[in-house]
Amino acid sequence: MDPDTALLAQTAGVTLVTLMTTDAWRRTQDGIGQLWRRVQPQRAEAVVAELAATREDALAAGGVGDQETLGELHLEWQGRLRRLLVAQPEAAVELRRLLDVLDPDGATGPTVTQHATASGHARIYQAGRDQHHAPR
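Residues numbered from 1 in each chain as written. Predicted model: local features only at pLDDT ≥ 70, side-chain atom pairs only at ≥ 80, totals over all residues. Heavy atoms only, no water.

**A closer look at the side chain of Thr54**
As a reminder of what qualifies: Runs of E in the DSSP output that reach at least two residues are strands. Runs of H or I that reach at least four are helices, and both are numbered from the N terminus. Two N or O atoms count as a polar contact when they lie within 3.5 Å, although within protein this holds only if one can serve as hydrogen donor and the other as acceptor, and sequence-adjacent residues are included solely when both atoms are side-chain atoms.
Position of Thr54 among the secondary structure elements: in helix H3 (residues 44-63). Only 2.8 Å separates the side chain of Thr54 from the backbone oxygen of Glu50, close enough to count as a polar contact.

Structure (structure tokens):
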């Protein structure tokens, strides 16, 4: 899979789960359902049901500040979307368009791209958000 498609799946997974807990939930559910109905109609109803179940989990996790569960839900949908894009590469255009409509300012979170090269005994520490170091 090319890096752009992988990044799209990652961004879409985070955006999708984040929007599940907002007023944009219905539009998000409708948009993802329509996407699946067009590219994999045999899976569409199951995906819509999975969206609803994920929303319940996301609301519960968000209510108690359970970031680990939210992260798992992001990864779960990232994987589903990645598999969809591998099977139906033409869906990438529609998915990007849907993300632009649902989250026009990219407000659900930044996209982080990091590159590093180390040599010798060098250490590299990278983080997309907070980074904590425990004493040795």
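We are not done yet, so read on.
**Examining the side chain of Gln40**
This is how the line gets drawn: In what follows, a contact means two residues having at least one pair of non-hydrogen atoms within 4.5 Å.
Inspection of the secondary structure assignment puts Gln40 in the loop between helix H2 (25-39) and H3. Not counting residues within four places of it along the chain, the set of residues in contact with Gln40 comprises Leu84, Ala87 and Gln88.

**A word on the packing of helix H1 (residues 3-20) against H2**
Basically, it comes down to this: In this description, a line fitted to the C-alpha atoms serves as the axis of each element, helices being fitted only across the stretch in contact, and the angle between N-to-C directions of two axes falls anywhere from 0 to 180 degrees. By definition in this entry, angles of less than 35 degrees are roughly parallel, angles greater than 145 are roughly antiparallel, angles of 65 to 115 are roughly perpendicular, and the rest are oblique. Each crossing gets its handedness from the near helix: less than a right angle anticlockwise from the far helix is left-handed, clockwise is right-handed. Only Asp, Glu, Lys and Arg are considered charged in this grouping, and only Ala, Val, Leu, Ile, Met, Phe, Trp, Tyr, Cys and Pro are considered nonpolar; every other residue, Gly among them, is considered polar.
The geometry of H1 relative to H2 is characterised by a closest axis approach of 8 Å and an angle of 140 degrees between their N-to-C directions. The orientation of H1 with respect to H2, classified from their angle, is oblique. Here H1 runs over H2; the crossing is left-handed. Residues Leu16, Leu19 and Met20 of H1 pack against Trp25, Thr28 and Ile32 of H2. For the contact of H1 with H2, the residue count by class is 5 nonpolar, 1 polar and no charged.

**Considering helix H5 (residues 91-102)**
The following threshold applies: For a helix, the expected span equals 1.5 Å multiplied by the number of residues minus one. Only protein chains enter the accessibility calculation, which uses a 1.4 Å probe; a residue whose area is less than 20% of its type maximum is buried, one above 50% is exposed, and one in between is partly exposed. The directions considered for the arc are those from the helix axis to the C-beta atoms.
Taking 1.5 Å per residue, 12 residues should reach 16 Å; H5 reaches 16 Å between its end C-alpha atoms and fits that length. For H5, every residue scored as buried is listed here: Ala91, Ala92, Glu94, Leu95, Leu98, Leu99 and Leu102. Along the long axis of H5, the arc covered by the buried residues comes to 160 degrees, so they all point the same way. For H5, the exposed residues set more than 90 degrees away from the buried face come down to Arg97, Asp100 and Val101. The inward-facing, buried residues of H5 contact H1, H2 and helix H4 (67-87).

**Some thoughts on H2**
The terminal C-alpha atoms of H2, which comprises 15 residues, lie 21 Å apart, in line with the 21 Å expected from a rise of 1.5 Å per residue. Restricting attention to buried positions, one finds in H2 the residues Trp25, Thr28, Gln29, Gly31, Ile32, Gly33, Leu35, Trp36 and Val39. Residues of H2 that are buried in the fold lie against H1, H3, H4 and H5.

**What to know about the packing of aromatic side chains**
Where we set the bar: Classification of ring pairs uses Phe, Tyr and Trp, with its six-membered ring standing for Trp, and accepts pairs whose centres are within 6.5 Å; under 30 degrees between planes counts as stacked, over 60 as edge-to-face, and the remaining range as tilted.
The full count for this structure, using the stated rule, is 1 aromatic pair. For the ring pair Trp36 and Trp77, a centre distance of 6.4 Å and an interplane angle of 85 degrees mean the geometry is edge-to-face. Pair noted here: Trp36 is in helix H2 and Trp77 is in helix H4, with a separation of 41 residues, a long-range link. Per residue, the accessibility class of Trp36 equals that of Trp77, and both read buried.

**With respect to the pattern of salt bridges**
Spelled out, the test is: Take a side-chain nitrogen of Lys or Arg and a carboxyl oxygen of Asp or Glu: if they are within 4 Å of each other, that pair is a salt bridge.
In the structure shown here, the tally under the stated rule is 5 salt bridges. In this structure, the salt-bridge partner of Arg37 is Glu45, at a minimum N-O distance of 3.4 Å. Take Arg37: its relative accessible area is 40%, and that puts it in the partly exposed class. In this structure Glu45 comes out as exposed when scored by relative accessible area, which is 53%. Between Glu50 and Arg80 there is a salt bridge, with the nearest N and O atoms lying 2.9 Å from each other. Pair noted here: Glu50 is in helix H3 and Arg80 is in helix H4, with a separation of 30 residues, a long-range link. Each member of the salt-bridge network shares a partner with another, and the members are Arg43, Glu50, Glu76 and Arg80.

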